[in-house]
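Spelled out, the chains give:
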Amino acid sequence: MAELRLQGVRKTFGAAEIIKGVDIDIADGEFVVFVGPSGCGKSTLLRMVAGLEDISAGDLLIDGKRCNAMEPRERGIAMVFQSYALYPHLSVYDNMSFGLTLNRTPKAEIDARVRDAARILKLEPLLERRPAQLSGGQRQRVAIGRAIVRKPTVFLFDEPLSNLDAALRMDMRMEIARLHRQLGATMIYVTHDQVEAMTLADKIVVLDGGRVQQVGAPIDLYKKPANRFVAGFIGSPKMNFLDVRVTGVSGGVATVESPTVAPVPIGARGFSVGDRAVLGVRPQSLRREPGHGRDGTLRGTVSLVERLGAETIVSLDTASGERALAAIPQDEVFEAGSPVEFRFEPAAAHLFAA
Amino acid sequence: MRTSRLLIGAGKAVAVTALLFWSLFPIVFIVMSSLKPGQEIFAVPPVYVFTPTFEHYAALWSRWGVFFDGLLNSTIVTAGATALAVIASTCAGYIYSRGSGRFLNASVMFLIIVRLIPPIVVTLPLFPIVNAMGLNDTHIVLMVLYATFFVSLGTVLMRTFIDQIPRELDEAAEIDGAGRLTILRRVIVPLAAPGILAVAVFVVVFAWNEFLFAFIFTATRAKTAPLVISEMIGSIDGVDWGVLFAASTVQLAPVLLFVVLMNRYLVAGLTAGATKG
């Protein structure tokens, strides 16, 4: 059982501040994903939780106990590395039992735990092999097995799937989700892949520039992004951002327009008439057919069409020189160079400060 | 086209033969001379066909018992120096590989520069100190000296080897509950074994053959085999060349065998870091 709390956590390397004050609460048994672009500090933050990096300021509490100065082994954590970090000179069995041997766990118990983990991860036939004799996916399972046998209160995953090919990555993603259900342990998972974040997480922490941009359930982040960064980071293809001008404001609704976007009322506060703003519309919100309410419209010229069979991605250039994407959930023919008009529901659009 | 290839082939063959002759001739000469009857050793023209005799070895055994004491001393000193140098180089190499900081980086340069100073310059002033410490004519003084000369090279070599071991392995072991020493012993050493063997080969060859420091710092109790061989040359009742060659052969054999066995690791040691694994 482990709750984890980060309070005003900072990390500095010399003069450079990498983590600029992070507060996160993680409940027992929660699957939390740290996501962000490379260099956002997510791996550093994870390594600080692991005890591989010092915490420059702030507190790390595990089950209410301050852990800043504790050695990694005293924190009750286990970590799975991106590179797997298996000991090349040891067999799969010895890789998994290494930590237990070090803390003098009785032989019989080591054996029971290793065999149990091997059964869960389907590694039983491979126990005598060396890491070099395993495929990428098998190595990753051994790395996870090494974490499981320690019975940690918190699992840490540092981009565990990024060295695997696409098909295997999907399998392993499901396996990790299954493992979380099965073990019920607290897990912190770092990735730059927002699909992994969306599919695995109970709670996503979006990081950028060493700061938390937003914390929330995946679907909340998707539907109600706190800022333009989160809006652009979560969702694929990326949300369209269009420069607009505010032409009217009344009771929590701002009417915006641009040469490309016909006047449309968007629920948003804090704007006044004449402000410049950014309208965010997801490619999936754009459609050809008129809806029943007052739709927004977006005009442009088709520049590129990607027909994926079940979906068609249309790339269009707008009159104001912006590029926008529309994801149509069916196969449809568009002609490059032809003018096109898309509609969207105002409630599904977002307005951000410019 | 065909003739030029033939010429290149012939050229290569000649070069290899010359190289082999150059490196093997002294060894073959010594070993053969030790087996020739006394009067045939320096016969002109040289005798190539002869009945091998072990009389020189028998004479070596009966008259030069001190040579075998010397071999024992050499073995003790070589083993001690090698162990010392290997342990120190591995520990230092690990710190140089994993640590960082201005002092550490600058001191690598110093390690290399120290290697360039003629050892005798550093050693002679040591004589009174060694005397004062009562270490004169002991195994320990030679072990420490020999090890010292190889710690700098050994450290640089070990750092290169350990650099190739991913840092994540240290971190994984740290999370598994290993302390620094356990990481070194259970993870780094097994993976850096080829480097350790390469360092060991260097030290063994040096310590086994070294003459000058042994001459300065030992007298009787810790006298090494090369010293006894030199005494054979300076012997008052004239040089018995047959016995001398027999002693040289005995002195040569173990180190030759060791180098041939370790050849693979030696090459690995010399080319470490040349390409990224």
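What you see is a predicted model; the values in this text were computed from it and never measured.

Enquirer: Can you help me understand the overall build of chain A in this one?
Expert: Helix and strand counts for chain A stand at eight helices and 19 strands. Based on the C-alpha atoms only, the size of chain A along its principal axes is roughly 75 × 45 × 35 Å. In chain A, which comprises 354 residues, the proportion classed as buried is 39%. Long-range pairs, those at least 24 residues apart, make up 64% of the contacts in chain A between residues at least 6 apart in sequence.

Enquirer: What exactly am I supposed to notice about the overall build of chain B here?
Expert: What chain B contains, in helices and strands, is 13 helices and zero strands. Sequence-ordered secondary structure for chain B, helices as α and strands as β, is α-α-α-α-α-α-α-α-α-α-α-α-α. In terms of principal-axis extent, the alpha carbons of chain B reach across some 70 × 70 × 35 Å. Considering chain B as a whole, with its 277 residues, one finds that 32% of them fall into the buried category. For chain B, contacts bridging at least 24 residues in sequence account for 80% of all contacts bridging at least 6.

Enquirer: Would you take a moment to explain the sheet that holds strand β17 (residues 323-328) of chain A for this structure?
Expert: In sheet architecture, strand pairing relies on hydrogen bonds along the backbone and comes in two forms, parallel and antiparallel. All names here are of chain A. Strands sit in the order β17-β16-β15-β18 across an open sheet of four strands; the sheet is antiparallel. The open sheet terminates on both sides in strands that have one partner only, identified here as β17 and β18 (339-344). Between one strand axis and the next, the sheet turns by 50° as a mean value, whatever way the strands run. The pairing of strand β15 (residues 296-307) with β18 spans six bridges and is antiparallel. Following the sheet pairing, Arg 299 is matched in β18 by Glu 341.

Enquirer: Whenever I open this one, the domain arrangement of chain B confuses me. Can you help?
Expert: How big an interface is tends to be stated in terms of accessible area lost as the parts join. Residue and element names in this part refer to chain B. For chain B, the domain assignment lists domain 1 (1-53) and domain 2 (56-270). The centre of domain 1, based on its C-alpha atoms, is set 32 Å off from the matching centre of domain 2. Tallying the contact residues gives seven residues for domain 1 and eight residues for domain 2. The class makeup of the residues in the side of domain 1 that touches domain 2 is four nonpolar, three polar and no charged.

Enquirer: I tried to follow the sheet that holds strand β3 (residues 31-35) of chain A on my own but got confused; where do I start?
Expert: All names here are of chain A. Strand order in the open sheet made by the six strands is β6-β7-β8-β3-β9-β10, with mixed pairing throughout. On the outer flanks of this sheet lie β6 (77-80) and β10 (211-216), each paired with one strand and no other. If you compare each strand with its neighbour and ignore which way they point, the axes differ by 20° on average. Sheet topology note: the strand β9 (residues 203-208)/β10 ladder contains five bridges and is antiparallel. Residue pairing across strands places Val 206 opposite Gln 214, the latter belonging to β10.

Enquirer: So what exactly am I meant to see when it comes to the nonpolar core here?
Expert: When a protein is soluble and globular, its nonpolar side chains tend to lie buried together. Residues Leu156(A) and Tyr146(B) are the most contacted members of the largest nonpolar core, which totals 149 residues. With 13 residues, the top contributor of residues to this core is helix α7 (residues 139-163) of chain B. Not counting the four nearest positions on each side in its chain, Leu156(A) is found in contact with Leu46(A), Val49(A), Ala50(A), Ile77(A), Ala78(A), Met79(A) and Ile188(A).

Enquirer: Which parts of the structure should I look at to understand the interface of chain A and chain B?
Expert: Facing the 17 residues of chain A at the interface are 14 residues of chain B. Residue assignment for the side of chain A that touches chain B shows that the elements contributing at least two residues are β6 and α2 (92-102) of chain A. Split by residue class, the side of chain A that touches chain B holds 12 nonpolar, four polar and one charged.

Enquirer: Can you help me understand the packing of α7(B) against helix α10 (residues 193-209) of chain B in this one?
Expert: Each pair of packed helices can be described by the angle between their axes along with the distance between the axes. All names here are of chain B. Interaxial distance between α7 and α10 falls to 9 Å at its minimum, and their mutual angle equals 160°. The angle between α7 and α10 places the two elements in the roughly antiparallel class. Considering how the two elements wind past one another, α7 and α10 form a crossing that is right-handed. The segment α7 lies against α10, with Tyr 146, Phe 150, Leu 153, Gly 154, Leu 157, Met 158 and Phe 161 engaging Gly 195, Ala 198, Val 199, Phe 202, Val 203, Phe 206 and Ala 207. Class assignment of the residues belonging to the contact of α7 with α10 gives a composition of 12 nonpolar, two polar and no charged.

Enquirer: Looking at this model, I keep getting lost on the domain arrangement of chain A. Mind explaining?
Expert: Residues and elements named next belong to chain A. When its domains are assigned, chain A resolves into domain 1 (4-233) and domain 2 (240-353). Placing the centre of domain 1 and that of domain 2 at their C-alpha centroids yields a distance of 38 Å. Residue classes in the side of domain 1 that touches domain 2 are distributed as two nonpolar, two polar and one charged.

Enquirer: In this structure, what is going on with the environment of Thr312(A)? I would like to understand it.
Expert: Residues and elements named next belong to chain A. Mapped onto the elements, Thr 312 comes out in strand β16 (residues 312-318). By C-beta crowding, Thr 312 is classed as partly exposed, having 18 other C-beta atoms within 10 Å. Sequence separation between Thr 312 and Gly 232 is 80 residues, and the spatial gap between their C-alpha atoms is 20 Å. Setting aside chain neighbours within four positions, we find Thr 312 in contact with Val 305, Glu 306, Arg 307, Ile 328, Gln 330, Asp 331 and Glu 332.

Enquirer: Even after reading the chapter, I still don't get the pairing of β16(A), so can you show me in this structure?
Expert: Side chains on a regular strand alternate between the two faces of the sheet. Residues and elements named next belong to chain A. The pairing of β15 with β16 spans seven bridges and is classified as antiparallel. Residue pairing in the sheet places Thr 301 in a bridge with Asp 317 of β16. Here β15 folds back onto β16, and the loop between the two strands holds four residues, one of which, Gly 309, carries a positive phi near 95°. The turn linking β16 back onto β17 is made up of four residues, and Gly 321 within it adopts a positive phi angle of 80°.

Enquirer: It is not clear to me how the packing of α2(A) against helix α4 (residues 136-149) of chain A should be interpreted in this structure. Could you clarify?
Expert: Residue and element names in this part refer to chain A. At a closest axis distance of 8 Å, the pairing of α2 and α4 adopts a crossing angle of 30°. It follows that α2 is roughly parallel to α4 by the angle criterion. As for how α2 packs across α4, the hand of that crossing is right-handed. Across from Val 92, Asn 95, Met 96, Ser 97 and Leu 100 in α2, the residues of α4 making contact are Val 142, Gly 145, Arg 146 and Val 149. Split by residue class, the contact of α2 with α4 holds five nonpolar, three polar and one charged.

Reading the values: the criteria
- Residues numbered from 1 in each chain as written.
- Chains lettered and ligands numbered in written order.
- Predicted model: local features only at pLDDT ≥ 70, side-chain atom pairs only at ≥ 80, totals over all residues.
- Helix = DSSP H or I, 4+ residues; strand = E, 2+ residues; numbered from the N terminus.
- Buried ≥ 20, exposed ≤ 12 C-beta atoms within 10 Å, placed from the backbone.
- Contact = placed C-beta atoms within 7 Å.
- Pairing = 2+ DSSP bridges.
- Axes fitted to C-alpha atoms, helices over the stretch in contact; angles between N-to-C directions.
- Domains from an automatic or database assignment.
- Nonpolar A, V, L, I, M, F, W, Y, C, P; charged D, E, K, R; others polar.
- Core = buried A, V, L, I, M, F, W, Y, C linked by C-beta atoms within 7 Å.
- Parallel < 35°, antiparallel > 145°, perpendicular 65-115°, else oblique.
- Left-handed = near helix turned anticlockwise from the far one by under 90°.

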